[in-house]
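Topology and contacts: notes
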Amino acid sequence: MDYLKRANELYEETVANRRYLHQHPEISTELPKTSAFIEKKLMEMGYSPKRCGGDGIVATVGREGGKTILLRSDMDALPMREKSGLPFASTCDAAHTCGHDCNAAGLLTAAKLLKENEAALAGMVKLMFQPAEETFQGAKAMIEDGVLENPKPDAALSCHVTSGQMPPAVFIYNSTGTMMNSVDGFKIRVKGKGSHGAYPERSVDPINIAVHIYLALEAIVARELTSTQASVMTVGIFKAGDAYNIIPETAELQGSIRSESPQQRELLVRRMKEAAESVAKTYGGEAQVEMIAEVPPLICNPDVTEKFVRYMKELDIPGQMEVPGIKATASDDFACVLERIPGAYIYLSAGFVDRPATEQHSPDVVFNEEVFRFGPAYLAHCATRWLEEEE
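Overview of the structure.

Rules and cut-offs
Per chain, residues are indexed from 1 in the order of the written sequence. Local features in this predicted model are restricted to residues of pLDDT 70 or higher, and side-chain atom pairs are both shown and tallied only at a pLDDT of 80 or more, whereas totals for entire chains, interfaces and linings draw on every residue. To obtain the side-chain values, all non-hydrogen atoms of the structure were used and water was disregarded. Labels follow the DSSP assignment, with helices taken as runs of H or I lasting at least four residues and strands as runs of E lasting at least two, numbered in each case from the N terminus. Summary of the burial criterion: residues with accessible area below 20% of their type's maximum are buried, those above 50% are exposed, and those between are partly exposed, where the area comes from a 1.4 Å probe applied to protein chains only. Within 3.5 Å is the distance limit for a polar contact, defined as a pair of N or O atoms, with the added protein rule that one can donate a hydrogen and the other accept it, and that residues adjacent in sequence qualify only through two side-chain atoms. For this analysis, residues touch if any pair of their heavy atoms sits within 4.5 Å. When DSSP finds two or more bridges between a pair of strands, those strands are recorded as paired. Each axis is a line fitted through C-alpha atoms, taken for helices only over the stretch in contact, and angles between the N-to-C directions span 0 to 180 degrees. Here the word oblique covers every angle except those under 35 degrees (roughly parallel), over 145 (roughly antiparallel) and from 65 to 115 (roughly perpendicular). For any pair of crossing helices, the crossing counts as left-handed if the nearer helix is rotated counterclockwise from the farther one by less than a right angle, and right-handed if it is rotated clockwise. Gly is placed with the polar residues, together with every amino acid not listed as nonpolar (Ala, Val, Leu, Ile, Met, Phe, Trp, Tyr, Cys and Pro) or charged (Asp, Glu, Lys and Arg).

Side note on the side chain of H381
Note that H381 resides in helix α10 (residues 375-390). Overall, the relative accessible area of 12% leaves H381 in the buried class. Only 3.3 Å separates the side chain of H381 from the backbone oxygen of Y311, close enough to count as a polar contact. Not counting chain neighbours up to four residues away, the residues in contact with H381 comprise Y3, Y311, E314 and L315.

Details of the sheet that holds strand β1 (residues 50-52)
The mixed open sheet is built from eight strands, whose spatial order is β1-β2-β4-β3-β5-β16-β6-β15. The open sheet has two edge strands with one neighbour each: β1 and β15 (321-323). The sheet shows a mean angle of 25 degrees between the axes of neighbouring strands, direction not considered. Pairing of strand β6 (residues 170-172) with β15 involves three bridges; the strand directions are parallel. Following the sheet pairing, V170 is matched in β15 by M321. Running over the sheet, helix α4 (residues 100-116) touches β2 (56-62), β3 (68-74), β4 (124-130) and β5 (155-162) and is turned about 145 degrees from β3. Its contacts with the sheet place helix α8 (residues 302-313) against β3, β5, β6, β15 and β16 (343-349), and it is angled at close to 40 degrees to β16.

With respect to unusual backbone geometry
Negative phi values dominate among residues other than glycine, just as trans dominates among peptide bonds. The amide bond that connects N150 to the next residue, P151, takes the cis arrangement and shows omega of 0 degrees. Here P151 shows up in the loop between α5 (138-144) and β5. You will see that S28, though not glycine, has its phi angle at about 60 degrees, which is positive. Secondary-structure assignment places S28 in the loop between α2 (11-23) and α3 (32-45).

What to know about the environment of R81
Here R81 shows up in the loop between β3 and α4. The contacts of R81, once residues within four sequence positions are left out, are T91, C92, D93 and P363. One polar contact links R81 to D93, side chain to side chain, over a distance of 2.7 Å.

Quick notes on the packing of α4 against α10
Between α4 and α10, the shortest axis-to-axis distance is 8 Å and the interhelical angle comes to 50 degrees. Judged on the interaxial angle alone, α10 and α4 are oblique. Of the two elements, α4 crosses α10, and the hand of that crossing is right-handed. Here α4 contributes G106, L107, T109, A110, L113 and L114 to the contact with α10, which in turn contributes P376, A377, L379, A380 and T384. In terms of residue class, the contact of α4 with α10 is made up of eight nonpolar, three polar and no charged.

The values reported here are purely geometric and, on their own, carry no functional implication.
Written out as structure tokens, the structure is:
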């Protein structure tokens, strides 16, 4: 089957699906409209989709007895107001500014291509539509609910659109090491003793403790890692108190740790906990650390990645260009899948060459829908070719 030709024939359908998802964004683990839409479309194609990990969806196509490959898309949005000015822009307090609507629409069309070519598949393709990537909960929830079992995938692939000032025929990957950093979200609750602001000696000031914890965290990255290690520790929330003249009982810090290797990750998480607890004790208070996200570095399998790249280059796409060796300090919980299954994560450019670049997660970001002329074909072709070669 000529997947590229068929993807172009289905271009308007893919765009329509994407725009529906774009106009009806939902966040985190609760995606009732999104999941219902995906389910409906899959059933119209002849699939029997099942819920997995809450509002996640799994479906299979192909034949039993051979190998199985997993194709994954995320489908959740971000809690922000859209400012793109598009006629199909979101009007609620959520927006698809990371492009997960594009990812989901692309996988939907790939599902249609694979279903139309089901008789020719040399094994099984498992489709994974995932919620809560932005909160790093969805992949783990689906894994715990059995997405990697019955059948167990032998390889996995996730393609994610990216914005920027580049043509839409570019694909970006890394087959030599860490592609994206780990993420460990943390919450530090500092407990002290409150008092009137006029009598600070009667208090154990949690704000003072939290400030010193913040400075200690900065010193860990500055002084305990080598300068060549790409790790960051960021505190994004610092809150305490309700009145200007009262020393409060508690304070709270929330932040994230991102590192490129399991060893760095272990060191930074351990030292963050040690610093919080010991600093609080030094100043007479207590600190409790809660982990709110735990995702490993995203490391693609070199052999599987190179195979997918070879398959993608088999498609005759005008202006096609590969960019190898990308490394990002951002994170994606597809890493939890790749920790268990050999596979690859590949960026597909959905950018423009004739307008300034806009960052993903920005309220004014716009994605180039021309990516739908080949993105679904990449997914279907990679799955089909991998099954052929592994038969």
